[in-house]
Amino acid sequence: MINTNLKFWRRELGLTQAQLADKLSIKRSLVGAYEEGRAEPRLATLVNMARLFNIPLDSLATTDFTKRKNAKTAAALREAGPLVEPEEKPMRVLAFTVGPDQKENIELVPLKAAAGYLNGYADREFIEELPRFRLPMLPGNGTYRAFEIAGDSMLPLVSGTTIVGRYVDEWNTIKDGTPCIVVSQKEGIVFKRIFNKLKQNHLFALHSDNPTYSPYDIKAEDVLEIWEAKSYISSTFPIGGVSLEQLASMVLDLTQQVKKLQMVRV
């Protein structure tokens, strides 16, 4: 059904296969393969299709638009405004890159690019400028991105650790206590454990593993992206025989000592 819906909406928008491929950042041959049913789009591509066609994501696979007598055209859908799914934000655009083999890369967002990412996260040109790599041990059923974290709120993972996360499209499915990279305009890029309060009051509670940091809430409407942590890369090995509380205390003592030294120098 995805193949017939893809062809239906492409024609509704008056696009050629090449033009649609350009808008989805994929090869024209892939559009042809999707429309002929010879290949299935990845989740990230489906998300971008739904955003472009301004329809709910699940309707691409469950609704045969070619047989709906009262189907609205793309223009009518746009006039009706963005579609919002229950307990969800409007469809989000996910920009990503692929290699010569048409497999998705893992883009790295280093600390120096964190501020720019808040404005360029959905910009294909910005994403293409980020460093990229592959991790063969990760499952191939998702889109992944890597973020360099700062601070000691998620000890024993120290500042400078790179977290590799899988893109979360359905926020309602996030289980309490799941470690995630949360991207928002107000908080920036943070690595926390999420406790899902969408059904109660449309919030997420963000908790740190370091007990010296207090949990706080963030409105779902302020969140841009969520990436579920699946792996991490670090050049610092954990200290053996030290509890999390002891490690947090050591870091706090070192921080206070550094502040004292800075005051003395001034």
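Here the structure is a predicted model, which means the values were calculated and not measured.

**As for the pairing of strand E1 (residues 106–109)**
Logical step 1: Note that E1 and strand E2 (residues 132–133) share two bridges and pair antiparallel. Each bridged residue has a counterpart across the sheet, and for Glu107 the counterpart in E2 is Arg132.
Logical step 2: Two strands pair when backbone bridges link them, and E1 and strand E3 (residues 144–148) are joined in this way by three bridges, in the parallel orientation. Directly across from Val109, in E3, lies its bridge partner Phe147.

**A look at the pairing of strand E5 (residues 178–184)**
Logical step 1: In terms of burial, E5 is largely enclosed, as six of its seven residues are buried.
Logical step 2: Relative to strand E6 (residues 188–197), E5 runs antiparallel, the two being bridged by seven bridges. From the neighbouring strand, Pro179 faces E6, where its bridge partner is Arg193.
Logical step 3: Remark: three residues form the turn of the hairpin made by E5 and E6, two consecutive strands paired antiparallel.

**Things to note about the environment of Ala18**
Logical step 1: Structurally, Ala18 can be placed in helix H2 (residues 17–24).
Logical step 2: Note on Ala18: relative accessible area 42%, which makes it partly exposed.
Logical step 3: For the pair Ala18 and Val31, spaced 13 residues apart in sequence, the C-alpha separation works out to 8.0 Å.

**A look at helix H4 (residues 43–53)**
Logical step 1: Within H4, eight of the eleven residues are buried, leaving the element largely enclosed by the surrounding structure.
Logical step 2: Where H4 terminates, the next one or two residues include Asn54, which has phi positive at roughly 60°.

**Comments concerning the packing of helix H1 (residues 2–12) against H4**
Logical step 1: Where H1 meets H4, the closest approach of the two axes is 11 Å, and the angle between their N-to-C directions is 35°. As for how H1 packs across H4, the hand of that crossing is left-handed. For the pair H1 and H4, the contacting residues are Ile2, Leu6, Trp9 and Arg10 in the first and Leu46, Met49 and Phe53 in the second.
Logical step 2: Considering only residue class, the contact of H1 with H4 consists of six nonpolar, no polar and one charged.

**Thoughts on the nonpolar core**
Logical step 1: In this structure, Tyr117, Phe147, Ile163, Ile181, Val183, Phe191 and Trp227 are the most contacted members of the largest nonpolar core, which totals 23 residues.
Logical step 2: Secondary structure elements with two or more residues in this core: helix H7 (114–120), strand E4 (162–167), E5 and strand E9 (223–233).
Logical step 3: Sort the elements by how many residues they give to this core and E9 lands first, with three residues.
Logical step 4: Those residues in contact with Tyr117 that lie beyond four places of it in its chain are Val109, Phe126, Ile127, Leu130, Arg145, Phe147, Val183, Ile189, Glu225 and Trp227.

**A few points about the pattern of salt bridges**
Logical step 1: Across all of its chains, the model carries nine salt bridges by this definition.
Logical step 2: In this structure, the salt-bridge partner of Asp209 is Arg193, at a minimum N-O distance of 2.7 Å. Taken together, the positions of Asp209 in the loop between strand E7 (203–207) and strand E8 (216–219) and Arg193 in strand E6 put the pair 16 residues apart, joining distant regions of the chain.
Logical step 3: The network of salt bridges with shared partners includes Arg166, Glu228 and Lys230.

**Some words on the side chain of Ser208**
Logical step 1: Within the element layout of this structure, Ser208 appears in the loop between E7 and E8.
Logical step 2: Ignoring any residue separated from it by four or fewer positions in sequence, one finds Ser208 in contact with Ser153, Met154, Lys192 and Tyr213.

**Description of the confidence of the model for the protein**
Logical step 1: Per-chain confidence: the protein averages 83 in pLDDT, with 80% of residues scoring 70 or above.
Logical step 2: Note that residues 69–90 has pLDDT below 50 and, in this model, 43 contacts with residues that lie over four places away or in other chains.

**Some details on the sheet that holds E7**
Logical step 1: The strand order E2-E1-E3-E4-E9-E5-E6-E7-E8 describes an open sheet built from nine strands, whose pairing is mixed. Strand pairing shows two members of the sheet lacking a second neighbour, E2 and E8, which therefore form its edges.
Logical step 2: Looking at chain direction, E6 and E7 are connected through five bridges and run antiparallel. Bridge pairing links Arg193 to His207 in E7.

The rules behind each value
Residues numbered from 1 in each chain as written. Predicted model: local features only at pLDDT ≥ 70, side-chain atom pairs only at ≥ 80, totals over all residues. Heavy atoms only, no water. Pairing = 2+ DSSP bridges. Helix = DSSP H or I, 4+ residues; strand = E, 2+ residues; numbered from the N terminus. Buried < 20%, exposed > 50% of the residue type's maximum accessible area, 1.4 Å probe, protein only. Axes fitted to C-alpha atoms, helices over the stretch in contact; angles between N-to-C directions. Left-handed = near helix turned anticlockwise from the far one by under 90°. Contact = heavy atoms within 4.5 Å. Nonpolar A, V, L, I, M, F, W, Y, C, P; charged D, E, K, R; others polar. Core = buried A, V, L, I, M, F, W, Y, C linked by side-chain atoms within 4.5 Å. Salt bridge = Lys/Arg side-chain N within 4 Å of Asp/Glu carboxyl O. pLDDT = per-residue confidence, 0-100.

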